[in-house]
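Examination of the molecular architecture
As a plain string of letters, each chain reads:
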Amino acid sequence: MPEADPGGVRSVQRAVDLLALYDAEHPSRSVRELVTATGLPKSTVVRLVHTLEQCGLLWSRGDGRTVPGPGLLRWAELARTTWQLPEEALARLRALSEAGGGESVGLYVRQGDARVCVARHEGTRSLRHVVHVGAEMPLWAGAAGHVLLSRSDHAAVTAVAAQGPDPEGAALLWERVRRAAERGWSVSHGEREAGISGAAAPVFDAEGRLTAAVALGGPTVRFTDEAVAGFVPALLDTARALTALGSIGGTGR
């Protein structure tokens, strides 16, 4: 097998990073904006944009700005159908929210050094934790992050901790990850954002591999020790049910 071309891999990464600059706040971008955001030479950005346009991944509007291209529609639909949970699984998330007193419920998977929300049931409380499906959050913070790291070794956890704001945070994150592994669930208070708490449990696939974390989230004032102790059994039951269903990431389709 021929060796991978480092230049080719770098080009692919640059293209992916460029596409990641388009989001809800920036649905269109000019070449100048892309150059500023990436720090790449204008000639490189122009070549990347041209290639992505040829692939249908970007579209030039004719006013000097580009938007995500129609070629992404097929992938977006495929991703939606792949990650859409069956009704039985969604019913489990709803039931967990009810058992948690109306707190919001999210399902997270690991993506590199981040966690991504792939499913969601919005809570019924007026003051609640809001996370949109597809949102990416740091792995170094939060109960779901502890759970998703609970089968990682010390070196991997240290590398994730290095992405956080505290240079001394590796030891604390390792402690939280080990605790999550030992008791099978985790709770966090204000790690990512002050005033927000969460509790999470692991979801596995048929081979016993850790695939996701199901989590309750809400204001810290409602996540007292007594409240957490009250809804942890339902959280663990939900995690076991999702494991048995084995439907995360389109498994079995």
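Note that the coordinates shown come from a computational prediction; the quantities given were computed from them, not determined experimentally.

**Some thoughts on the side chain of threonine 238**
Counting through the fold element by element, threonine 238 comes out in helix α9 (residues 225–245). Within the structure, the side chain of threonine 238 is placed 2.9 Å from the backbone oxygen of alanine 234, a separation counted as a polar contact. Leaving out residues up to four positions away in the same chain, threonine 238 has contacts with Arg92, Leu96 and Val214.

**So, the packing of helix α2 (residues 31–38) against helix α3 (residues 42–54)**
Relative to each other, α2 and α3 sit at 115°, their axes nearing to 9 Å. In the packing of α2 onto α3, the handedness of the crossing is right-handed. Here α2 contributes Val31, Leu34, Val35 and Thr38 to the contact with α3, which in turn contributes Lys42, Val45, Val46 and Val49. Along the lines of polarity and charge, the residues of the contact of α2 with α3 split into six nonpolar, one polar and one charged.

**What about the nonpolar core?**
Core analysis: the largest hydrophobic core is formed by 27 residues, its most contacted members being Leu85, Leu93, Leu107, Val203 and Val214. Only α5 (87–99), β4 (104–111), β5 (114–121), β8 (196–204), β9 (210–219) and α9 provide two or more residues apiece to this core. The leading source of residues in this core is α9, at seven residues. Once you skip the residues sitting within four places of it in the chain, leucine 93 turns out to touch Leu85, Val105, Ala119, Arg120, His121, Val214 and Leu242. In this structure, Leu139, Ala144, Val177 and Ala215 belong to the second largest nonpolar core, which totals 18 residues.

**With respect to the environment of alanine 180**
Relative to the assigned elements, alanine 180 resides in helix α8 (residues 169–183). The residues contacting alanine 180, other than those within four sequence positions of it, are His146, Val147, Ser150, Trp185 and Ser186.

**A closer look at the pairing of β5**
Within β5, seven of the eight residues are buried, which leaves the element mostly enclosed by the surrounding structure. Here seven bridges tie β4 to β5, and the two strands are oriented antiparallel to one another. Residue pairing for β5: leucine 107 is matched across the bridge by alanine 119. Linking β4 back to β5 in an antiparallel pair, the connection comprises two residues, with glycine 112 at a positive phi of about 65°. Strand direction decides the pairing type here: β5 and strand β6 (residues 136–138), joined by three bridges, are antiparallel. Across the sheet, the residue bridging to valine 116 is glutamate 136, located in β6.

**Some thoughts on the UniProt feature "domain: HTH iclR-type" (unreviewed entry) in the protein chain**
UniProt marks residues 9–70 with the feature "domain: HTH iclR-type" (unreviewed entry), using the numbering shown here. Helix makes up 52% of residues 9–70 and strand 15%, and the two end C-alpha atoms of the span are 24 Å apart.

**Examining the sheet that holds β9**
Strand order in the open sheet made by the six strands is β6-β5-β4-β9-β8-β7, with antiparallel pairing throughout. With one partner strand each, in any of the chains shown, β6 and β7 (186–189) form the two edges of the open sheet. Taken over all neighbouring pairs, the strand axes of this sheet differ in orientation by 35° on average, direction set aside. Note: β8 against β9, nine bridges, orientation antiparallel. Within β9, the residue paired with proline 202 across the bridge is alanine 213. With respect to the sheet, α9 is in contact with β4, β7, β8 and β9, its orientation differing from that of β8 by roughly 30°.

**Here we look at the packing of helix α7 (residues 154–161) against α8**
For the pair α7 and α8, the least separation of the axes is 9 Å and the interaxial angle reads 125°. One element, α7, and the other, α8, form an angle in the oblique class. Every pair of crossing elements has a handedness; the one defined by α7 and α8 is right-handed. For the pair α7 and α8, contact is made by His154, Val157, Thr158, Val160 and Ala161 and by Gly169, Ala170, Leu173, Trp174 and Val177, respectively.

Thresholds, definitions, all that
Residues numbered from 1 in each chain as written. Predicted model: local features only at pLDDT ≥ 70, side-chain atom pairs only at ≥ 80, totals over all residues. Heavy atoms only, no water. Helix = DSSP H or I, 4+ residues; strand = E, 2+ residues; numbered from the N terminus. Polar contact = N/O pair within 3.5 Å; in protein donor to acceptor, adjacent residues only side chain to side chain. Contact = heavy atoms within 4.5 Å. Axes fitted to C-alpha atoms, helices over the stretch in contact; angles between N-to-C directions. Left-handed = near helix turned anticlockwise from the far one by under 90°. Nonpolar A, V, L, I, M, F, W, Y, C, P; charged D, E, K, R; others polar. Core = buried A, V, L, I, M, F, W, Y, C linked by side-chain atoms within 4.5 Å. Buried < 20%, exposed > 50% of the residue type's maximum accessible area, 1.4 Å probe, protein only. Pairing = 2+ DSSP bridges. UniProt positions renumbered as here; feature names shortened; annotations may be inferred. Parallel < 35°, antiparallel > 145°, perpendicular 65-115°, else oblique.

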